[in-house]
Amino acid sequence: MGTAPPPAPAGTALLFISHDLPAMRALTEEAALFDGGRCVRRGPVDEALPAA
């Protein structure tokens, strides 16, 4: 995984799409989990993503 861009100003959103769940946990506070194109879970990253 490459380096991330510098932090954005408050109020800025970033859409980060990945199959790398450890990276998602490290880089995000909230997540949405999609299955078959449908959002099946959304919320704090530890609640939205499956256990590692």
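**Digging into the side chain of T28**
Within the secondary structure, T28 is located in the loop between α1 (21–27) and β1 (30–35). Relative accessible area serves as the criterion here: at 18%, T28 is assigned to the buried category. Here the side chain of T28 touches M24 through a polar contact of 2.5 Å, landing on its backbone oxygen.

**Quick notes on the pattern of salt bridges**
Going through the model one piece at a time under the given rule, you end up with one salt bridge. Between D46 and R25 there is a salt bridge; the shortest N-O distance is 3.7 Å. Taken as a pair, D46 in helix α2 (residues 45–48) and R25 in helix α1 lie far apart in primary sequence, 21 residues in all. A residue is classified by how much of its surface remains accessible, and D46, at 63% relative accessible area, is exposed.

**What about the layout of surface pockets?**
Approximately 1,100 Å³ is the volume found for the largest pocket. Lining the largest pocket are 30 residues, with L14, L15, F16, T28 and E30 positioned closest to its centre. Every element with two or more residues in the lining of the largest pocket is listed here: α1 and β1. For the lining of the largest pocket, the element with the highest residue contribution is β1, accounting for five residues. For the lining of the largest pocket, the residue count by class is 21 nonpolar, six polar and three charged.

**Let's talk about the confidence of the model for the chain**
Across the chain, the average pLDDT comes to 86, with 96% of residues at 70 or higher. When mean pLDDT is compared element by element in the chain, strand β2 (residues 38–44) scores highest at 95, while α1 scores lowest at 90.

**Details of the environment of P5**
Along the polypeptide, P5 turns up in the segment before α1. Judged by relative accessible area, P5 falls into the exposed class, the value being 60%. Distance from P5 to R42, taken between C-alpha atoms, is 24 Å for residues 37 residues apart in sequence.

Reading the values: the criteria
Along each chain, residue indices are assigned from 1 in the same order as the chain's sequence is written. Local features in this predicted model are restricted to residues of pLDDT 70 or higher, and side-chain atom pairs are both shown and tallied only at a pLDDT of 80 or more, whereas totals for entire chains, interfaces and linings draw on every residue. Each side-chain value is worked out from all heavy atoms of the structure, with water and hydrogens disregarded. Helix and strand definitions follow DSSP, with helices as H or I runs of at least four residues and strands as E runs of at least two, each counted in order from the N terminus. Exposure categories follow from relative accessible area, calculated using a 1.4 Å probe and restricted to protein chains: below 20% of the type maximum is buried, above 50% is exposed, and the middle band is partly exposed. Under this definition, polar contacts are N or O atom pairs within 3.5 Å; protein pairs additionally need one hydrogen-donor-capable and one acceptor-capable atom, and for neighbouring residues in sequence, both atoms have to be side-chain atoms. By definition, a salt bridge exists where a carboxyl oxygen of Asp or Glu is found within 4 Å of a side-chain nitrogen of Lys or Arg. Points on a 1 Å grid, built from protein atoms alone, make a cavity when a 1.4 Å probe fits but cannot get out and make a pocket when they are open with protein on both sides within 12 Å along at least 5 of 7 lines; residues with an atom within 4 Å of a point are the lining residues. Grid points are joined across faces, edges and corners, and a volume is the space filled by probe spheres set on the points. Amino acids outside the nonpolar list (Ala, Val, Leu, Ile, Met, Phe, Trp, Tyr, Cys, Pro) and the charged list (Asp, Glu, Lys, Arg) are all regarded as polar, and Gly is one of them. pLDDT is a residue-level measure of predictor confidence that goes from 0 to 100.

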